[in-house]
Amino acid sequence: MAMKKSTGIILLSLSVVFCIFFFSYNQYQKKWIIREMAKHAEIVKEDVWETNYQGTRGYLELVAKRESYSKIELSHAKTTLLTIEGPRPKGLSSTLDRLGFFPEKTIITDIYYDGQRIGTLKGYHRNMSFYVHFIAFIVLLLISVIMQMVLEITKQKFAKIQLKKRDIKYNKMFSNIGDVIVIIGENGITQYRSDNITRHFGWKTKELEGGHIWDFIHPDDLKFSRETFERFLTHPNKPIRVELRYKCRDGRFKWIQFTGINLFHDPDIKGILGNFHDISEKKQTEKNIKLKNKIQSIQLQLIKKAPTLSTTALLQKFLDEAETLTHSSIGFYHFFNEEDKTISLQAWSTNTMNNMCKIKLPRSHYPIDKAGIWCECAKKRKTVIHNDYNALKHKKGYPENHVPVIREVVVPIFRDNKIVAILGMGNKPVDYTREDAETIEILAELAWETVARKQTEEKINTSEEKFRLAFLTSPDSINLSRLKDGVFLEINEGFSKTTGYTRKEAIGKSSLELNLWKNNKDRKRLAAILKKDGIVENFEAELLTKSGKAISGVISASILFIENEEFILSITRDFTKQRKLERHYLQAQKMESIGTLAGGIAHDFNNILFPILGHSEMLLHDLAGDDLTHKSITAIHASALRAKDLVGQILTFSRQQNDDIKLMKIQPILKEAVKMLRATIPATIEIKQNIAAHCGFIKADPTQIHQMIMNLATNAFHAMETKGGTLTIALTPVEIDEINLPPTLNTPGQYAFLSVKDTGDGISANVAERIFEPFYTTKSKGKGTGLGLSVVHGIVKKFGGTIELNTEPGAGAEFKVYLPLESMEDKASGIISSPAQIPGGSESILLIDDDESIISMETQMLERLGYRVVSRTSSLEALELFKHSHGDFDLIISDLDMPKMPGDALAREFLSVKSDARIILCTGFSNKLTPQTIKKMGIKGMLHKPIILKNLAEKIREVLV
């Protein structure tokens, strides 16, 4: 701005000077040309007198060329004697001449000889000096402008350097100050702001350079802030403090307290020095307090008016107040019956009734399906906000004469986890926010409390039970008792539901007389805290019901003074279900950890077991049947096979065994298991079955499902082995919704429900907690390994189900298994292989395993079958060998769990060297590899450790053929 002002003054001054100079010079030149023409007339008069026009012509041509004449004429008595044409302008001069930059002036001089006029000399003169002067003016003007620009740029650079030095100085001064420090110039531009503005408002200092302070002020505060700025300018040295909203980088506005002082006279400041103090939390607290006070005021007004108003009129008054508080123009309140899924209109606000909604409803009680989109809150069971009602695609519209809805907030009101009412506000001038929704939620609760209180008062007035006021409808157990003796004076329905004692049984008796405390020490601790502090919150204790059942309770209580006597108001919430869920969760975590540990142990045990099986099998082939050691080797091999089965059970428990999962029905396997049980279980145990034929398909491994059923049935048999009893096996499809969903299931839906129940002695609580842990058993030595039920637990969890135990000492036990049903057709099919001779071959095999004992044993097995074997214990060495000699090997057999490079990664490297390489992977277990995934990788086969010689031989021939 300063540069433009100074440059304009210079240009104006130069223009005035040039005009004065040009005018003066033009006048001077005109006089000079006239004098010169008179001289020329004096010179040529002799030649004219003597009619020597040739000499005259030569002279006049020289004059025309030298003095810029376009034409000179010599005439006498109106007769032109001689015409001389001057030179024409060239180049830029020619263009300027055509444009009229060189105006011609006519000079006429009479020629006298001895006092006698003998002719007239007329010249047409071009003023070429204007061009020269104009160019000079332009050059001078450009030089002046350039010099001025250089001066201004120099001044700006110097000013920036000074500002940078000042910013560094200020940053050092203000580095430890929590508030943002600013300096604002007289034009409203922020000249300085401390670096901590980034922490408070998100702005980087470079983003604010040259910006006006007004660009960051909330629009509603803009007028006020400009007025305040003028106050700063007119009141130097006077501190001024204001509150306004400042814009953050993310678009939000924060409340700040700006305290500043006019220091334009200070050469180091030259502006308004001030600080931004964040008062957002203070403003929010003030807002919350105002809202709370307003709501309390509404509540007090309604309480005062309640005795004289009906429930509908009371709600209408409430809706009127709520409209004012939320700046809305529509308000409605509906009662909601969740069981019948019906709604009944209870009240509209006065504004809605009188001014906006002229519709006549034929009925005010109708199903929820007939309601508009505002009832979406009941379907979603949460508050809904519609800020663009017309844009909603699934709205049903509204009846004729209904008020147009622009935006709305609708809140469901819950009691006992059921929706009891719906409150809605609509048509606020601007969009509803989450803060508005929270306010309306508070109002909705207040509305219900108002209605409930009114209805309660009406009930009290009719029943004359004035004392039972606040806690009658609470689901929690609430009671009023005397402090000195603990005698109950009043209880609510929640107390009866929780403890099982009716009001008649409880009133007049103490908790000790009713035997409510499982541990009397808890009662004494509660009483001690109450006497000391006068209040107890969230006190946890075990309580007993009338039937003797233990429940977990969380107690809050306080001492009340009624007519100078101390009483205890106590509220107890039943947390038994939550505690049960916690135990289920902890048990699931424990089982998961044990499963992981068991899986790791089983994997290592597989590697130990593999050489024992392989060597014993080879020895049995080498020894004659009558050899003395054949019997011992046979026993070793049989024990190894049993150990192999045990490892399989451990892997099943840990859910790490590779499965043959297919769509299957449980009924055939269940019936087969029952037949087997009838043949093995003594006649003292009766077997009952209830197997539903219409129970659908599950996705599982048939072998493991059979194992699960046999383990459960065997466990039941052991429970009734000495006394006999009844074993009941039942299968039926069930539909489980969210309400009846067992704690250990995540998804509601259709399940196959399998029940295995015995009439034995039952299981104690401490044993039931550990029943699914591996190797945990209460049976005598030789009766079991302790893996049966842990394996069942692993199988059930693996196939997406859950298992529960219902038991009480002396009442038998029931294991309940839930497995998810599939809707697809049964496509499962089984393939039974027939026995065959162990096949061999003569091909070359590259064998890879990191265990030396396994490498040695497998090499012997393969060489016995006729193969040529090259072995490596390092995957990297094997890869290097294959790269140089891949043509030498017909087959690669590799362990999956290899150090440095696992078997699947090694297989990819082999296939990149030779795309048709034939590879077999061996593994104890794998969560990521299945027959489908290895086929996609190009791997030809997979074997599970420990490997039997026959299985190895058949897989090799299968891959090589």
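Note: the structure precedes this text.
Please read all numbers here as calculations on a predicted model, not as lab measurements.

Let us now look at the overall build of the protein. A tally of regular secondary structure across the protein gives 25 helices and 32 strands. Residue burial in the protein is summarised as follows: out of 961 residues, 43% are buried. When the accessible area of the protein is evaluated, it comes to approximately 53,600 Å², of which 54% is carbon and sulfur surface.

Here we come to the packing of aromatic side chains. Tallied over the entire structure, the rule returns 13 aromatic pairs. With a centroid separation of 6.3 Å and an interplanar angle of 90°, the aromatic rings of Phe-335 and Trp-448 are classed as edge-to-face. Of this pair, Phe-335 sits in strand β10 (residues 330-337) while Trp-448 sits in helix α11 (residues 434-463); the two residues are 113 residues apart in sequence, bridging distant segments of the chain. With relative accessibility at 15%, the residue Trp-448 sits in the buried group. Both rings, one in Phe-882 and one in Phe-910, keep their centres 4.8 Å apart while their planes meet at 65°; by these two values the pair is edge-to-face. With Phe-882 in helix α22 (residues 875-885) and Phe-910 in helix α23 (residues 903-913), the pair connects residues that are 28 residues apart, well separated along the chain. A residue is classified by how much of its surface remains accessible, and Phe-910, at 1% relative accessible area, is buried.

Spatial ordering of the open sheet is given by β6-β5-β9-β8-β7, a layout of five strands whose pairing is antiparallel. Here the strands that pair on one side only, and so sit at the sheet edges, are β6 (190-193) and β7 (240-247). Neighbour to neighbour, the strand axes of the sheet diverge by 30° on average, direction disregarded. In this sheet, strand β9 (residues 271-278) lies alongside strand β5 (residues 180-184) in antiparallel orientation, the contact comprising five bridges. Its bridge partner being in β9, Val-182 is matched across the sheet by Gly-274. Helix-sheet contacts for helix α6 (residues 222-234) involve β5, β7, β8 (253-263) and β9, and the interaxial angle to β7 is about 140°. The strands that helix α7 (residues 280-305) touches are β7, β8 and β9; relative to β8, the one it contacts most, it runs at about 125°.

This part takes up α7. In an α-helix, one turn spans 3.6 residues, which is why side chains three or four residues apart end up on the same side. For α7, which comprises 26 residues, the first-to-last C-alpha distance of 37 Å matches the rise-based estimate of 38 Å (1.5 Å per residue) to within 8%. Listed as buried for α7 are Lys-283, Ile-295, Ile-298 and Leu-302.

Glancing now at the sheet that holds strand β26 (residues 802-807). Two strands in a sheet stick together by hydrogen bonds in their backbones, pointing the same way (parallel) or opposite ways (antiparallel). Spatially, the five strands line up as an open sheet ordered β22-β24-β25-β27-β26, and their pairing is mixed. The sheet is open, and its two borders are formed by β22 (685-691) and β26, each paired with just one other strand. Taking each pair of neighbouring strands and ignoring which way they run, the sheet shows an average axis angle of 15°. Across eight bridges, the pairing between strand β25 (residues 749-758) and strand β27 (residues 813-820) is antiparallel. Paired with Val-756 across the bridge in β27 is Phe-815. Its contacts with the sheet put helix α18 (residues 702-719) on β22, β24 (725-736), β25, β26 and β27, and the angle it makes with β25 is roughly 30°.

What follows deals with the packing of α7 against helix α8 (residues 311-326). Across the interface, α7 lies against α8 with an axial gap of 10 Å and an inter-helix angle of 160°. Looking at the two axes, α7 sits roughly antiparallel to α8. Here the hand of the crossing between α7 and α8 comes out right-handed. Between α7, through Leu-291, Lys-294, Ile-295, Ile-298, Gln-301, Leu-302 and Lys-305, and α8, the contact on the second element is made entirely by Leu-314, Lys-317, Phe-318, Glu-321 and Leu-325. The class makeup of the residues in the contact of α7 with α8 is seven nonpolar, one polar and four charged.

Right, let's get into the nonpolar core. One finds Ile-705, Met-708 and Leu-727 to be the most contacted residues of the largest nonpolar core, which totals 46 residues. When residues in this core are grouped by element, the largest group, eight residues, is from α18. Filtering out sequence-adjacent residues up to four positions away, Leu-727 remains in contact with Leu-677, Ile-681, Ile-685, Glu-686, Ile-687, Lys-688, Ala-713, Ala-716, Met-720, Val-756 and Lys-757. With 29 residues, the next largest nonpolar core counts Leu-325, Ala-347, Met-425 and Ala-444 among its residues.

Turning next to α6. Spanning 13 residues, α6 covers 19 Å between terminal C-alpha atoms, matching the ideal 18 Å at 1.5 Å per step. Among the residues of α6, those classed as buried are Ser-225, Thr-228, Phe-229 and Phe-232. Projected down its long axis, α6 shows its buried positions confined to an angular sector of 105°, all on one face. For α6, exposure combined with an orientation more than 90 degrees from the buried face picks out Lys-223 and Thr-234. Those residues of α6 that are buried are in contact with β5, β7, β8 and β9.

Right, let's talk about unusual backbone geometry for a bit. Of note, the phi angle at His-327 is positive, near 60°, even though the residue is not glycine. Along the chain, His-327 turns up in the loop between α8 and β10. Judged by its relative accessible area of 54%, His-327 is exposed. Of note in the backbone geometry, Arg-381 takes a positive phi value of approximately 60° without being a glycine. The topology assignment puts Arg-381 in the loop between α10 (376-380) and β13 (384-386).

Consecutive residues of a regular strand have side chains that alternate between opposite faces of the sheet. Here β7 runs beside β8; their pairing, made up of eight bridges, is antiparallel. Among the inter-strand pairings, Arg-245 is bridged to a residue of β8, identified as Trp-255. What sits between β7 and β8 in their antiparallel hairpin is a turn of five residues, with Gly-251 showing a positive phi close to 100°.

Structurally, Gly-724 can be placed in the loop between α18 and β24. For Gly-724, a relative accessible area of 13% puts it in the buried group. It is 8.4 Å that separates the C-alpha atoms of Gly-724 and Ala-683, two residues lying 41 residues apart in sequence. Leaving out residues up to four positions away in the same chain, Gly-724 has contacts with Thr-684, Ile-685 and Thr-759.

Another aspect to go through is the side chain of Ser-225. By secondary structure assignment, the location of Ser-225 is in helix α6. Overall, the relative accessible area of 6% leaves Ser-225 in the buried class. In this structure, Ser-225 is in contact with Trp-214, Ile-217 and Leu-244, ignoring residues within four places of it in sequence.

The next thing to look at is a nonpolar patch on the surface. A contiguous nonpolar surface patch, about 340 Å² in accessible area, is contributed by Phe-605, Ile-608, Ile-612 and Ile-636. Broken down by element, the residue count for the nonpolar patch peaks at three residues, all from helix α15 (residues 576-622). Relative to the elements of secondary structure, Phe-605 occurs in helix α15. Assessed through its relative accessible area of 34%, Phe-605 is described here as partly exposed.

Let us now look at the packing of α22 against α23. Where α22 contacts α23, the two axes come as close as 10 Å, and the packing angle between them is 10°. By the angle between their directions, the pair α22 and α23 is classed as roughly parallel. For the pair formed by α22 and α23, the contact residues are Ser-875, Ala-878, Leu-879, Phe-882 and Lys-883 on the first element and Leu-906, Glu-909, Phe-910 and Val-913 on the second. The residue inventory of the contact of α22 with α23, partitioned by class, reads six nonpolar, one polar and two charged.

Attention now moves to the environment of Ala-719. Note that Ala-719 resides in helix α18. For Ala-719, a relative accessible area of 34% translates into the label partly exposed. Put simply, Ala-719 and Gly-762 are 43 residues apart on the chain and 7.8 Å apart in space, counted from C-alpha to C-alpha. Those residues in contact with Ala-719 that lie beyond four places of it in its chain are Asp-758, Gly-760 and Asp-761.

Inspection of the entire model under this criterion finds 20 salt bridges. The shortest N-O distance in the salt bridge between Arg-434 and Glu-441 comes to 2.7 Å. A relative accessible area of 24% means that Glu-441 is categorised as partly exposed. A salt bridge links Lys-950 to Glu-954; the shortest N-O distance between them is 2.6 Å. A residue pair is termed a helical-turn pair when its members lie 3 or 4 positions apart in one helix, as Lys-950 and Glu-954 do in helix α25 (residues 949-960) at four residues. On the basis of relative accessibility, which here comes to 25%, the residue Lys-950 falls in the partly exposed class.

Rules used in this analysis
- Residues numbered from 1 in each chain as written.
- Predicted model: local features only at pLDDT ≥ 70, side-chain atom pairs only at ≥ 80, totals over all residues.
- Heavy atoms only, no water.
- Helix = DSSP H or I, 4+ residues; strand = E, 2+ residues; numbered from the N terminus.
- Buried < 20%, exposed > 50% of the residue type's maximum accessible area, 1.4 Å probe, protein only.
- Areas by Shrake-Rupley, 256 points an atom, 1.4 Å probe, with all protein chains shown as cover.
- Phe/Tyr/Trp six-rings, centres within 6.5 Å; stacked < 30°, edge-to-face > 60°.
- Pairing = 2+ DSSP bridges.
- Axes fitted to C-alpha atoms, helices over the stretch in contact; angles between N-to-C directions.
- Contact = heavy atoms within 4.5 Å.
- Expected span 1.5 Å × (residues − 1).
- Parallel < 35°, antiparallel > 145°, perpendicular 65-115°, else oblique.
- Left-handed = near helix turned anticlockwise from the far one by under 90°.
- Nonpolar A, V, L, I, M, F, W, Y, C, P; charged D, E, K, R; others polar.
- Core = buried A, V, L, I, M, F, W, Y, C linked by side-chain atoms within 4.5 Å.
- Arc of directions from axis to C-beta.
- Patch = residues over 30% accessible without salt bridge, like charges linked within 9 Å, V, L, I, M, F, W, Y side chains within 5 Å.
- Salt bridge = Lys/Arg side-chain N within 4 Å of Asp/Glu carboxyl O.

Taken by themselves, the reported measurements are silent on function.
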